[in-house]
Amino acid sequence: MLKIKEYVKVKDLEEAYLLNQKKTACVLGGMVWLKMGNRNISTAIDLSGLDLDMIEETEEEFRIGAMTSLRTLETHKGLDGYTQGAVKESLRHIVGVQFRNCATVGGSIFGRYGFSDVLTMFLAMDSYVELYKGGIVPLEDFAKKKPDRDILVRVIVKKRPIKTVYLSQRNSSTDFPVLTCCVGLFADGEARAVVGACPQRAGLVQDEQGILKDFCSKDLKAQEQAAVSFAQYAKERVKTGGNMRASKEYRSHLVGVLVKRALLAAGGMDNGN
Amino acid sequence: MEIKFWLNGEKTQIQAEPDALLLDVLRSLGCYSVKRGCETANCGLCTVLMEERPVLSCSMLAARAEGKHVVTLEGMQEEAKEFGDFLAGEGAEQCGFCNPGFIMNVFAMLKELEDPSEEEIHEYLAGNLCRCSGFMGQTRSILKFLQYKKEGGAQK
């Protein structure tokens, strides 16, 4: 059972940071994951009084407070439009509305959970995290690091024009994903493919052979060829593992299937697909 | 620690441990409709409304209810009876254990979604598990209830 000795609803980020320097302290997110463990927490730090439960949208970016619930994220019209529904798709399969009203963006991103649909989705966009001490860091770098004692304040998404498609495979509806995949095709030519729940945490599939170069400007046939060959490349490159939900081999198979599907769906968006 | 909040419209003040979960506090206050059906934040039986939003009270620290309005099925008896008749009418009720959490989420849905489609209903209620049935009776009862409300509901 989760044990908490002291609960502090902090007045500012400095207070949260100072309290969090103790190894037994813990910043609370939505607690849906945390409460299932057996941790002994000396000080539970609650950021919910700092107005971080909202999304600010400007001309250039979305600024998503760490305490924003997954449900708020899911129902945000600006993000929905910017990602052609991909953000909603990445969230709607997570347990249920009640769960997503509790779970927070900060909790999901800071925890760098292997199963995180949220991390998979954000990695495909031009995303950054704002840390209280560490400043603004690309999400890709942050996702690779181990959790430290800093405080995650916001997730920032730059509005670089993009076409995104999110796909996940689940053994049953509302369960943890067996594999997650998100493709982001930027208008400036950059293509990103992210695979998560391998069951290890999500990461970008680096296109070192330039298979996806100029993907968007290719005709449908050439796109299909590139998607097939990148899917094969991703399948060979992404390290997968087995657990109670799926074997390593099944996951590797899914990497190929989902990456290809997502690429074709994103690439075909302009053609009305 | 001391926690003050509104429970079913009444100002409530309690003493609770820092790690007390809202679910246990609500039950200690006599709200036995709120139940723990799983240990994995999956079943939806513990659903209550906090500031009109459905949340899992099994995962919510009681401390976080400070200053908030919490509503359980005990606070919605009239509405529950009205909708409960539709559930019973469609034979959706079997053991009834999951029912309170389900009804609370139905109320949240009716508040949040305008004229939901069957697909939207299923998606909104996916976090409420029923182990007796296949959710067909529940779906029928909601669709009939929506129709009844559209036609003027209680006024008729």
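Because the structure is predicted, anything quoted here is derived from the model rather than measured.

(A) Spotlight on the pattern of salt bridges. Within the structure shown, the criterion is met by 30 salt bridges over all chains. Across the pair Glu82(B) and Lys149(B) runs a salt bridge whose closest N-O atoms are separated by 3.2 Å. Residue Glu82(B) is found in helix α2 (residues 77-89), and its partner Lys149(B) is found in helix α5 (residues 136-150); the two are separated by 67 residues along the sequence. Its relative accessible area of 40% is what places Lys149(B) among the partly exposed residues. Where salt bridges share partners, they join Glu56(A), Glu61(A), Arg63(A), Glu130(A), Arg154(A) and Lys158(A) into one cluster.

(B) How the structure looks around the pairing of strand β1 (residues 2-7) of chain B. Residue and element names in this part refer to chain B. Because side chains alternate across β1, one face comprises the buried residues Ile3, Phe5 and Leu7, and the other comprises Glu2, Lys4 and Trp6, none of which is buried. For β1 and strand β2 (residues 10-15), the ladder comprises six bridges, and the chain directions are antiparallel. Counterpart to Ile3 in the pairing with β2 is Ile14. Connecting β1 to the next strand, β2, in antiparallel fashion are two residues, including Asn8 with a positive phi near 50 degrees. Here β1 runs beside strand β5 (residues 69-71); their pairing, made up of two bridges, is parallel. Bridged to Leu7 within β5 is Val70.

Calculation notes
Residues numbered from 1 in each chain as written. Chains lettered and ligands numbered in written order. Predicted model: local features only at pLDDT ≥ 70, side-chain atom pairs only at ≥ 80, totals over all residues. Heavy atoms only, no water. Salt bridge = Lys/Arg side-chain N within 4 Å of Asp/Glu carboxyl O. Helix = DSSP H or I, 4+ residues; strand = E, 2+ residues; numbered from the N terminus. Buried < 20%, exposed > 50% of the residue type's maximum accessible area, 1.4 Å probe, protein only. Pairing = 2+ DSSP bridges.

Don't take any of this as a statement about function, it's just geometry.
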